[in-house]
Amino acid sequence: MKLAYYPGCVAKESGRELDLSTRWVCQALGIELAEFPKFSCCGSGFIDEANELLSIAINARNLAIAEAAGLDLMTVCSTCQGMLSLAKLRMEDPAVRAKVDATLKPLGINYRGTSKVTHLLRVLVEDVGLEAIRAKVKRPLAGLKVGAFYGCHLLRPADEMDWESPEEPHAFENLLSALGAEPVLYRGRVMCCGFPIQFVKAETAGRIAGRQILDAKDHGADAMATPCPLCHISLDAYQRPAAKLVGRPLDMPVFHLPQLVALAFGASPKDLGFSRHMVSPEAALAKLAPSAR
Amino acid sequence: MSADTIPVTFDVYRFQPGKDATPRFQRYTLDLTPHTPVLTGLLRIRDEIDPSLGLRYSCRSAICGSCAMQVNSKSRLACETQVGPEVELHGRIVVEPMLNQPVVRDLVVDQSPFWREYQKIEPHLKVDPRRPMPVGKVTPMTPAQVDRFQGTPRCIACAACYSACPAVGSDPAFPGPMALAKLYRFAVDPRDAARQDRLVRIQTEGLWLCLRCHLCTEACPKDVRPSERIRDLKEMAIAVQGATEHGSKHAVGFKRNIREGGTLNEMKLVRQTYGIFGMLPQLPYGLKIWRKKPEVARRPPPIEGREELEGIYRELDREGER
């Protein structure tokens, strides 16, 4: 399998442990990641607040890059997934399409809408398949209770994302089970992490993040895991202020999705960038059966 | 149980503030056909088993918007939610009152906070007194003008979106999805003379607290899509007034940030949002993050093909022309 790898801004910079572990997992599964230094930022749901058409056009360009190589595009971020998928959908509107084409064509960019936009989580669950994942597990994550945290833009709006039920998604939990971990079901798993207003009103964002972490904790999670580096910023990087805002200690390790997959596939924890987390995942790793450490 | 019915377990939230110390769930089991509305089940419980159950409803036809409540954690109309799919998905039906509004009794909430926000956006046409609407005559709109409403007049004010919204639940300064969708409806009405004032006011009155989590759009029984109209409002507000708040500065700053290198310069974005002095309070915690993730402070290498991106901006970003 060969995919156009769209790492997004955060995985290339402050969240590079996500990029690191994504590459580790894809190599282990024989997924070839084609790289395109021409990819730009997806706009992250901010550019479209200022100028929606601009945001659509930027993403049509990103999609055209993957199309020119004849590849489907794989994201590792719920927000990138949402923005690219929405741009593709909006481009089906003839009026939007005409305006964007009028901008792109003179630049030599030919958007056709032929490449699928997919996320690492979907690739693992749908394309690789849980059977093949299970077969790769060298040290099951037995004993680890994990609260999956999806990230809004992977699921909603449901009619536009066209994937799992945003109320009762299962893909992430099924993957966690295949890795030997015990998925924890809690309501916050499909809720917002607060990230979009981190820079608008940090206290409100922190209260929202804190609430979801508490929910996972109260349902017995030893750790959380997310397919979105922006959720990771909210849940991990800003967990300390969130704990103050909700008035309870949280101490919740938060994994990037591919970190847990790599761990189960036998990667050494020191290759997965855990030292870059604000909340040390040591306590969660210590819960793993001795054979898995 | 007849052949076409299934046993349906309802776990219903019961609480009388002032009388009960804490809320409790009461279980009722009924045999119902799968297409029975949850509301019908609740009414049978009230009429046949437990007359003390409190709930609000009226039309039973998804028109009046009275029976919004949480069914299996999703805010929606009980009258248009069928029991069959719920039982299939969740095994039972957990019924709770809406969120973000205080419980009066059982499934009945006090909707005052919701209506207060609605009132604040002044949900009525403000006509220019110098150009009064002709009396006794219709003022026709073109189909294009009607299209601009984008379905917002369909709102039945059921408050399901208000219940589902995490921003409402976390910050009293956020007006909620319904009030903002209504504001949009008046801001695009060609007969309304207060468009500019409405858009200027809302910048400072909570517009930027929307999380764009789309939970409101998911909850809305009438496909009003509040989250998408809130996005429209943000773009319209910036267009009339420029960026005046942290939220709009962040959006505009982000847009400019990406123009430079094609990829996000994280540190610079913080400066673009808060300004140099506004950044200072962020510094102590920022340093802690920097120690773990030093890349936050560096300028990322630019993408290849920046001239293409620049070409797109030059064509579509009209910011400089204002």
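Residues numbered from 1 in each chain as written. Chains lettered and ligands numbered in written order. Predicted model: local features only at pLDDT ≥ 70, side-chain atom pairs only at ≥ 80, totals over all residues. Heavy atoms only, no water.

Asker: Give a detailed account of the overall build of chain B, specifying residues and quantitative values.
Answerer: Of regular secondary structure, chain B possesses 14 helices and 7 strands. Taking the principal axes of the C-alpha coordinates as reference, chain B spans close to 70 × 65 × 40 Å. Within the span of chain B, comprising 322 residues, buried residues form 52% of the whole. When contacts within chain B are restricted to residue pairs at least 6 apart in sequence, long-range pairs at least 24 apart make up 64% of them. Carbon and sulfur atoms make up 53% of the accessible area of chain B, which totals about 15200 Å². (Helix = DSSP H or I, 4+ residues; strand = E, 2+ residues; numbered from the N terminus. Buried < 20%, exposed > 50% of the residue type's maximum accessible area, 1.4 Å probe, protein only. Contact = heavy atoms within 4.5 Å. Areas by Shrake-Rupley, 256 points an atom, 1.4 Å probe, with all protein chains shown as cover.)

Asker: Explain the overall build of chain A to me, and be specific about the residues and the numbers.
Answerer: Check the secondary structure of chain A and you find 15 helices and 8 strands. By the compact-globule yardstick of 19 Å for 293 residues, chain A fits well, its C-alpha radius of gyration being 19 Å. Looking at chain A as a whole, 67% of its 293 residues are labelled buried. Put simply, 77% of the contacts in chain A that link residues at least 6 apart link residues at least 24 apart. Approximately 9700 Å² of chain A is accessible, and the part contributed by carbon and sulfur atoms is 53%. Counting 33 positive and 32 negative side-chain charges, chain A places the averaged centre of each group 4 Å from the other. (Rg over C-alpha atoms; globule rule 2.2 N^0.38 Å. Lys, Arg positive; Asp, Glu negative; His and termini not counted. Charge placed at Lys NZ, Arg CZ, Asp CG, Glu CD.)

Asker: Run through the state of the cysteines, naming residues and quoting values.
Answerer: A full pass over the atoms with the stated rule returns 0 disulfides over all chains. You can see Cys67(B) has no disulfide; the closest cysteine sulfur is in Cys79(B), sitting 3.7 Å from it. Free of any disulfide, Cys213(B) has its nearest cysteine sulfur in Cys152(A), 4.9 Å distant. Taking the relative accessible area as the measure of exposure, Cys213(B) reaches 7% and is therefore buried. (Disulfide = S-S within 2.5 Å.)

Asker: Lay out the confidence of the model for chain B with the relevant residues and their values.
Answerer: Any segment with low pLDDT has predicted coordinates that should not be analysed in fine detail. Predicted confidence across chain B gives a mean pLDDT of 95, with 98% of residues reaching 70 or more. Here the predicted complex carries an ipTM of 0.95, next to a pTM of 0.95. (pLDDT = per-residue confidence, 0-100.)

Asker: For the environment of Cys59(B), give the residues involved together with the corresponding values.
Answerer: All names here are of chain B. Structurally, cysteine 59 can be placed in the loop between α1 (38-49) and β3 (68-71). Classification of cysteine 59 as partly exposed rests on a relative accessible area of 27%. Expressed as a C-alpha distance, the spacing of cysteine 59 and cysteine 79, which sit 20 residues apart in the sequence, is 8.6 Å.

Asker: Report on the sheet that holds strand β6 (residues 182-184) of chain A, specifying residues and quantitative values.
Answerer: Residue and element names in this part refer to chain A. Pairing in this open sheet of 4 strands is parallel, and the strands run β6-β5-β7-β8 from one edge to the other. Among the strands making up the open sheet, the edge pair consists of β6 and β8 (254-256). This sheet shows a mean twist of 40 degrees between the axes of neighbouring strands, independent of strand direction. One ladder, built from 3 bridges, connects strand β5 (residues 145-148) with strand β7 (residues 223-226); its direction is parallel. Bridged to valine 146 within β7 is alanine 223. Along the sheet face, helix α12 (residues 229-237) touches β7 and β8 and points at about 165 degrees away from the line of β8. (Pairing = 2+ DSSP bridges. Axes fitted to C-alpha atoms, helices over the stretch in contact; angles between N-to-C directions.)

Asker: Tell me about the interface of chain A and chain B, and please be specific about residues and values.
Answerer: Between chain A and chain B, the residue contacts involve 64 residues of the former and 67 residues of the latter. Roughly 6000 Å² is buried in total at the junction of chain A and chain B, and carbon and sulfur atoms are behind 58% of that figure. Interface area lost by chain A to chain B is led by Glu13(A), Glu49(A) and Phe199(A), which between them contribute 13%. The interface formed by chain A and chain B contains 15 salt bridges. Among the salt bridges present, the one from Arg298(B) reaches Glu13(A), with a minimum N-O distance of 2.8 Å. Inspection of the chain A/chain B interface yields 37 residue pairs in polar contact (both at pLDDT 80 or more). Broken down by element, the residue count for the side of chain A that touches chain B peaks at 6 residues, all from helix α4 (residues 52-68) of chain A. (Buried area = accessible area lost by both parts, 1.4 Å probe. Salt bridge = Lys/Arg side-chain N within 4 Å of Asp/Glu carboxyl O. Polar contact = N/O pair within 3.5 Å; in protein donor to acceptor, adjacent residues only side chain to side chain.)

Asker: Run through the pattern of salt bridges, naming residues and quoting values.
Answerer: Counted under the stated rule, the structure contains 57 salt bridges over all chains. Put simply, Glu49(A) and Arg212(B) hold a salt bridge, and the shortest N to O gap is 3.4 Å. Of this pair, Glu49(A) sits in helix α3 (residues 47-50) while Arg212(B) sits in the loop between α8 (195-204) and α9 (215-219), placing the two residues on different chains. Across the pair, Arg212(B) and Glu49(A) agree in class, each one buried. A salt bridge links Arg90(A) to Glu160(A); the nearest nitrogen and oxygen atoms lie 3.2 Å apart. One end of the pair, Arg90(A), is in helix α5 (residues 78-90); the other, Glu160(A), is in helix α9 (residues 158-161), and 70 residues separate them in sequence. Ionic contacts of the salt-bridge type, sharing partners, join the residues Glu52(A), Arg90(A), Asp159(A), Glu160(A), Asp223(B), Arg225(B), Glu228(B), Arg229(B), Arg231(B), Asp232(B) and Glu235(B) into one network.

Asker: I'd like a rundown of the sheet that holds strand β1 (residues 6-14) of chain B, residues and numbers included.
Answerer: Residue and element names in this part refer to chain B. As summarised here, the arrangement of the 5 strands in space is β2-β1-β5-β3-β4, forming an open sheet in which the pairing is mixed. In this open sheet, the two edge strands, each paired with only one partner strand, are β2 (24-32) and β4 (74-77). Strand-to-strand twist across the sheet, computed as the mean angle between neighbouring axes with direction ignored, equals 35 degrees. Here β3 runs beside β4; their pairing, made up of 4 bridges, is antiparallel. When the sheet's bridge partners are listed, valine 71 is paired in β4 with lysine 74. Packed onto the sheet, α1 meets β1, β2, β3 and β5 (93-96) and runs at close to 100 degrees relative to β2. Strands β1, β2, β3, β4 and β5 of the sheet are contacted by helix α2 (residues 83-90), whose axis makes an angle of about 85 degrees with β1.

Asker: Outline the side chain of Ser85(A), supporting the account with residue identities and numerical values.
Answerer: Residues and elements named next belong to chain A. Residue placement: serine 85 occurs in helix α5. Here serine 85 falls in the buried class, since its relative accessible area comes to 15%. In this structure serine 85 touches Val117 and Met161, once residues within four positions along its chain are discounted.

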